[in-house]
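# Commentary on secondary and tertiary structure
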Amino acid sequence: MKTRPPRLALAILNRTVPIALREEIEGDLIEEYDRHGRTRFWFWRQAVSIAWTYRPRPAMKEPVAEVLFDDARSGFRSLRRRPAFAVVAGTLLALGVGVNAAMFQWADALWNRPLPYAEPEHLVRVFHAREGGRENLSPPNYFDLAEETELFEGLAGYWSPSLTLTGNGEPEKLLAATVSHGFFEVLGVAPLVGRSFIPDDDGPGAAPVAVLGYGLFQRRFAGDRGVVGRDILLDGTAATIVGIAPEGFSFPAPGTELWVPLRLPRDRALQGGSPYRSFRILDVVGRLREETSLPQARARLASLSDRLSREYPGSNLGFRLEVEDFREVERGPLRAPLLLLGGSLFLLLLIVCANVSGLWIARLLARERELAVRVAMGASRSRLLRELLAEGSGVALLGVAGGSLLGSWIAALARAAAPPGFPVPPPFDRGSGSLLVLFAVLLPILLTFASVPAIFGRGRNLANALRPGGRVEGGSAPAGARRALVVFEMALASTLLVSALLLLQSFRALENVDRGFRGESVYYASVELPFTKYRESYRRAGFFEGLQERLRQAPGVERVSLSLGLPLDPQAEFFVTRSPYSVEGKPEPDSGKKPEAALHVVGPEFFETLGVSLLDGRGFDARDHRDAPPVVIVNESFARTAWPGEDPLGKEVRHDLVLLPDDVGVRHVVGVVSDFRYYALEREPEPQMYVPHAQSPWPAMHLLIRTTSDLVSLQTEVRRILGELDADVPLAPLSALDDVSDAVVAAPRLRARLLSGFAGAAALLAAIGLYGVVSFSVASRTREIGLRVALGAGRSEVVTLVVGQALRLALVGAALGALGAALSARYLSSLLFSVRPFDPWSYGWMGGALVAIALLASYLPARKALAVDPTAALRAD
Amino acid sequence: MAPPDMLGEFELVVLLAVLRLGDEAYGASILEEIARRTRRPLARGSVYITLDRLEAKGLLGSERGDPTPIRGGRAKRFFRLKPRGLRVLKRTLADLGRLQEGLAPLLEGA
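Residues numbered from 1 in each chain as written. Chains lettered and ligands numbered in written order. Predicted model: local features only at pLDDT ≥ 70, side-chain atom pairs only at ≥ 80, totals over all residues.

## Let's talk about the overall build of chain A
This is how it is decided: Runs of H or I in DSSP of at least four residues are treated as helices and runs of E of at least two as strands, each being numbered from the N terminus. Three exposure classes are used, all based on how many other C-beta atoms lie within 10 Å of a residue's own C-beta (placed from the backbone): buried at 20 or more, exposed at 12 or fewer, and partly exposed between those limits. What counts as a contact here is a pair of residues whose C-beta atoms, placed from the backbone, lie within 7 Å.
Helix and strand counts for chain A stand at 28 helices and 23 strands. Out of the 877 residues belonging to chain A, those deemed buried represent 41%. Counted over contacts in chain A with a minimum sequence separation of 6, partners at least 24 positions apart contribute 83%.

Spelled out as structure tokens, the structure:
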């Protein structure tokens, strides 16, 4: 025997050849292999050939894969035979999935916006929490906080004034940030060229330096890296460029293009002083040490807060130090709107699913005879069920595929339409991962809904369908399922309707809030004087007085004034800080905690320009010049708080915070004006103090002009006058004052409109679903209706029969929907203004809308029912 | 399926090979005989299947031989024609002969 035959080949034979033949066949093979000197390859070939001959064969059974393929094919064929269903259902699903996909991509882009900082999980924002809001930190408090070095790896304070870049072409107003020296290091951002700020840059006497933003660097300096080390003129002061920020870095505000050191005084003498402690201008970002958790930081800051309020009760009592995850700064305001919009779209998708399922049940009912014939001819139930499932999955897949295309199309549209700097869905890179998550959630939903009819169809006794008149079955399981689906749709639509109505009312209320001033035909522009040229206050006062004087002569101009901040500007709180104050005839509170009021600087005729009514005394005019006795005008709330029941005129007010060093802060009241909404539409007016610009000549003011002429000619006129007065003073474009407050209501308006759109779509879908059910019911009850008419039922009874059914379904849905709305009220309440989440009107309107839908949906079926001819109906089938 | 006394083409081939081999008709020799004389490719498995079928039809009988070392210690299975097998074979051949009568000129021209 020369070589052993391949063992594996023998083993294969052992497995396949019947036991009775095994010995013989293997013997023959081995014999031939040995005697004729066959190759191993030959042996293998023989073995495989034999094994194939005796391969196991299932007894007359089709392979599983073929069966499934067959099901899918016949399901597809059935869809193609009646394309209307596939087209309608597929389109509905695609729309539902598409808007959800787009919304999800967008939400993901907003929520997971990559922050341009290293390890943002250790970054925190530090702020003061006070009753009813939050405040920034005063410089002395910030310096005290910065000593907590075991808590923070680094801490940086900043604020964002605008600066004017002059020289090297047109003066340009830039959005700048004034930052402490650790700013870039805390954020973990390294400059592209040069260096960031060092401690030596950050003091009152330090040489002025600046870091340029990438955009500014490209725009004004053509990307020439040689600019590092050169000087630029900022507000008339030379500053040395020390570095350039990397591309895409624009913290703290989008559009920030320049960073300069804070250079705040750290003198011990100033640290304890109450006004400086109350000057809460600094935003603070800190990087926690890796081992420090947020709760630990909170505990530590609580003890620091206690210490500060003990030592400086006047400025710190009631102001706790708080930290929050830095990412929360961006995410916090997004949460409620994203939940609202995303949740609404998801409900809409559920309604679409329910609608498609309803359509499909209708289609199954219409095909009942065909199915019954197939069962009678021997088709197995499981085979039919598989086929129907395949059909449903086909529609679902069609919808998801179409929807994802639509979704990316909508996302692309949004990308194209979004203003620059607005976060938009990324084109299929990072977002696609979360998109997968979305589909992982969506697909089972779609499949479940698509298979509902198949499952319901199982319980049917199809044999009934073959009997004459066998389809007269109002109470059958599929019809019941369809009604349940319609109730479900109605419920979801009602929930959306209530939410939309609440938001609409809230938006209307916001729009109709009595602002207390008239902003129409008032235009504004900010005017900032270069500091070096206008170092002395009389120059600043003189410039603005001259400007106002000249403008009053301009054609069409009715009133001209100045104001530090703008009413209803979201940044108003930044421009206008609060100051602790004390008034004549009132003892200081025992706690040492003084009351606070906003301190405004305004020009003459300010109240007249804004149409704010004067309640007592007089407004500011030429009498209130620099050398005149210091005066103040207070609003109603201030007068009520400070001197209840007394005449405020002539009373003395001391405000601790002074904007300019030569201000003593002691003034006498010359007028009282009515309250108006200053910080936000939804905030009740607070106590306010107004001081005349001539007595507190701040260099950066908003020019306010009430005019009868148009914006363009006004702009030209202002530019001409300003150019004549001083060509170095830049002028920002004029804007309408109403645009400021309109911008405030823009977000609520968009929300209300979007949600109304969703709710409308939901109501329409639910109406279509209801119409389908009612008209089917009328069609299948033709005999019954005929019989009733034959027995003497009148028209009104027939109508009641049809409309009653629709109303019952709609009202059950409305009741469930009201429940849903009540459950979701918690999420909605933060977006509502002056409307309670359980506003009876909204619920009432929703009920009315559902009754209207029911009537609308049953109109055609009712007409059809009235047209039933009793004799024909009874003879049919 | 063909009636029991009608032979398929491959059955005829296998029966003739068994007849030809006499006492030495077992799997390997039958395969070899058919391969040598017909000179056409042969699926080994089909020969075994056909042998089985012919035995089931009662045309062939078989008996186990002794195990031999050259076969890796495995026994042979010897086949021989049963009288009924011989009868069916004869009749099939006779049928074929009669079918050929008078076709010689045509077949030669092919």
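## Remarks on the overall build of chain B
A count of helical and extended segments in chain B gives five helices and two strands. Counting helices and strands in the order they occur from the N terminus, chain B gives α-α-α-β-β-α-α. Counting only residues that meet the buried cut, chain B has 29% of its 110 residues in that class. For chain B, restricting intrachain contacts to residue pairs at least 6 apart in sequence, the fraction spanning at least 24 positions comes to 49%.

## Digging into unusual backbone geometry
Residue and element names in this part refer to chain A. A cis amide bond, omega 5°, links F251 with the succeeding residue P252. Secondary-structure assignment places P252 in the loop between β9 (237-244) and β10 (258-261). Notably, A222 is not glycine yet its phi reads approximately 50°, a positive angle. One can find A222 in the loop between α8 (214-221) and β8 (231-234). At E605, a position not held by glycine, the phi torsion is positive, near 65°. Residue classification places E605 among the buried positions, given that 20 C-beta atoms sit within 10 Å.

## Some words on the nonpolar core
All names here are of chain A. To be explicit about the condition: Joining buried Ala, Val, Leu, Ile, Met, Phe, Trp, Tyr and Cys residues through C-beta atoms within 7 Å gives a set, and that set is a nonpolar core.
Counting 89 residues, the largest nonpolar core has I351, M490, L497, A762, A766, L770 and I853 as its most contacted members. Only α5 (83-111), α13 (327-366), α15 (381-417), α18 (477-511), α24 (737-780), α25 (782-790), α26 (795-828) and α27 (840-866) provide two or more residues apiece to this core. Among the elements that make up this core, the one with the highest residue count is α18 (18 residues). Ignoring any residue separated from it by four or fewer positions in sequence, one finds L497 in contact with A759, A763, M846 and A849. One finds A598, V670, L703 and V718 within the second-largest nonpolar core, a separate group that totals 59 residues.

## Here we look at the pairing of strand β21 (residues 688-692) of chain A
Residues and elements named next belong to chain A. So the rule is basically this: Note on pairing: two strands pair once DSSP finds at least 2 bridges between them.
For β21, the buried fraction is high: five of the five residues fall into the buried class. The alternating pattern of β21 places Q688, Y690 and P692 and M689 and V691 on opposite faces, both of which are buried. Across five bridges, strand β16 (residues 596-602) lies against β21 in parallel orientation. Bridge pairing in β21 places A598 opposite Q688. Where strand β18 (residues 631-635) lies against β21, two bridges are found, and the strand directions are antiparallel. Pairing of V634 across the sheet is with M689, part of β21.

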